[in-house]
Amino acid sequence: MPKISVIMPVYNSEQFLRMAVDSVLNQTFEDFELILVDDGSKDGSGAVCDEYAKKDLRVKVIHQENRGMCFSRNRAMDIACGEYIMFTDNDDECLPGFLSENYALAHQTNADMVKFGRAVETVKDGEHFNRQERNLEKRFYTREDLIQSFLQLREKDVFSPVWDGMYKTEIIRKHHIRFNEDLRFGEEDTIFCLDMCKVINSLATNSGVYYMHYFRIAHSASSKFNVKALEKHIISANKDLEVYRLFHFTDRRQGECIRQIVQKHLIPMLILFQHQNCDMTLKEKKLFINNLKSYEPFRFDLAITRGEDWRQMDKKTKLLANLFMHNRYNILLFLSGIYYKLKIA
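Residues numbered from 1 in each chain as written. Predicted model: local features only at pLDDT ≥ 70, side-chain atom pairs only at ≥ 80, totals over all residues. Heavy atoms only, no water.

J.: How should the packing of aromatic side chains be read in this particular structure?
T.: Each aromatic ring pair is described using two quantities: the centre-to-centre distance and the angle formed by the ring planes. Within the structure shown, the criterion is met by 18 aromatic pairs. Here the aromatic rings of Phe87 and Tyr167 are separated by 5.9 Å at their centres, their planes lie at 50°, and the arrangement is tilted. A residue pair is termed long-range when its members are at least 10 positions apart, and Phe87 in strand β4 (residues 84-87) and Tyr167 in strand β9 (residues 165-168) qualify at 80 residues. Like Phe87, the residue Tyr167 is buried in the burial classification. Considering the side-chain rings of Phe98 and Tyr211, the 6.1 Å spacing of their centres and the 45° angle between planes classify their relative orientation as tilted. One end of the pair, Phe98, is in the loop between β5 (93-94) and α4 (100-109); the other, Tyr211, is in strand β10 (residues 202-216), and 113 residues separate them in sequence. A cation sits over an aromatic face here: Arg216 above Phe16, 3.7 Å from the ring centre. (Phe/Tyr/Trp six-rings, centres within 6.5 Å; stacked < 30°, edge-to-face > 60°. Helix = DSSP H or I, 4+ residues; strand = E, 2+ residues; numbered from the N terminus. Buried < 20%, exposed > 50% of the residue type's maximum accessible area, 1.4 Å probe, protein only. Lys NZ or Arg CZ within 6 Å of the ring centre and 35° of its normal.)

J.: Help me understand helix α11 (residues 282-291), please; the structure alone is not making it clear to me.
T.: Helical periodicity: at 3.6 residues per turn, an α-helix aligns residues three or four positions apart in one direction. Restricting attention to buried positions, one finds in α11 the residues Lys285, Phe288 and Ile289. Considered in projection along α11, the buried side chains sweep an arc of 95° and stay on one side of the axis. Opposite the packed face of α11, turned more than 90 degrees from it, sit the exposed residues Lys283 and Leu287. (Arc of directions from axis to C-beta.)

J.: Is there a simple way to think about the packing of helix α3 (residues 69-79) against helix α7 (residues 188-199) in this case?
T.: Pairs of packed helices are described in terms of their axes, by the angle between the two and the distance that separates them. With their axes 11 Å apart at the nearest point, α3 and α7 run at an angle of 40° to one another. Of the possible angle classes, the one that applies to α3 and α7 is oblique. The residues of α7 that touch α3, namely those facing Met69, Cys70, Arg73 and Met77, are Glu188, Asp189 and Phe192. Across the contact of α3 with α7, the residue classes break down as four nonpolar, no polar and three charged. (Axes fitted to C-alpha atoms, helices over the stretch in contact; angles between N-to-C directions. Parallel < 35°, antiparallel > 145°, perpendicular 65-115°, else oblique. Contact = heavy atoms within 4.5 Å. Nonpolar A, V, L, I, M, F, W, Y, C, P; charged D, E, K, R; others polar.)

J.: Help me understand helix α13 (residues 315-325), please; the structure alone is not making it clear to me.
T.: Taken residue by residue, α13 has Thr317, Leu320, Ala321, Leu323, Phe324 and Met325 as its buried positions. In the segment just after α13, Asn327 is the residue with positive phi, at about 60°.

J.: Any chance you could explain the pairing of strand β7 (residues 127-134) here in plain terms?
T.: Sheet topology note: the strand β6 (residues 113-124)/β7 ladder contains six bridges and is antiparallel. When the bridges of β7 are listed, Val120 appears paired with Gln132. Here β6 folds back onto β7, and the loop between the two strands holds two residues, one of which, Asp125, carries a positive phi near 55°. (Pairing = 2+ DSSP bridges.)

J.: Can you walk me through the nonpolar core in this structure?
T.: Across soluble globular proteins, nonpolar side chains have a tendency to be buried as a group. If you look at the biggest cluster of nonpolar residues, it comprises 72 residues, and the most contacted ones within it are Phe150, Phe159 and Phe192. It is helix α10 (residues 254-272) that contributes the most residues to this core, ten residues altogether. Beyond its immediate sequence surroundings of up to four residues, Phe159 is in contact with Met113, Leu146, Phe150, Leu153, Arg154, Asp189, Thr190, Cys193, Leu194, Cys197 and Leu203. Counting residues in hydrophobic clusters, the runner-up holds 33 residues, among them Ile4, Val24, Tyr52 and Val59. (Core = buried A, V, L, I, M, F, W, Y, C linked by side-chain atoms within 4.5 Å.)

Pasting the structure below:
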């Protein structure tokens, strides 16, 4: 049985696929399997997958009709033999130590989940720019430590992607943790990680940067607008609320919870309204925002504005939350438009 199963969904990525696969196969750690799931590719990606399987016994290939990334990951998890599971995208790179150094930490601590540093670069017309790195301290968290530090870790986006982590297969199967196959526009990774947080007894974080994610503006589904890209945040916000309740944050850390709902979900939705391809009218946008209050994560208690948590909240988040609570949607959309322009400038 291999120690690690690396899962890579593949779809129409012939241009980048060899780079992505080689970055896994060239790791110094060798006791792993790489599961390539050809998700109905219409270019030569499927043939590239088969080529690698013929020359390296560690490579397994699944060919299927197009069902989406979440279905592909779930199908690969069903056949994964590794003690731990890791994920990588078909146009990214695994950096040196991706397998060896994170498995060593997992083995040393017997952690149910390991998270590590990552780098992100934006790519447009072949040019790479806006490189950002997220580093973590090397630390082991018990269940109680995780509960105490969860909101800080969530704020650092530790539980957003899955490709910057290692997950114990036994935990995934015992608790039937799956990717939500209804999601195709993001947040599926966050929901998977939050489901893990609900059940794990330990977490280890590693300080190195072991993964390079490329945000390809012309290649990524994130560059398109679809109303489901808004709805994904409602689903993810509900998952956040599940964790808040499980960890009893709604009783004693309500202000912090509201701040994260605003920052992780409300603001991204407001920014999506500014997308150049968004065809929603102003009336439709205001109706959507108003309807958010029918979902529990967005029912902010006005009493929170009288508490210490509210006074310590940063001005921008406080302002947007206040406008939202008081139905000042025109101003809310106007300010989010200014924020969007400043962000992309």
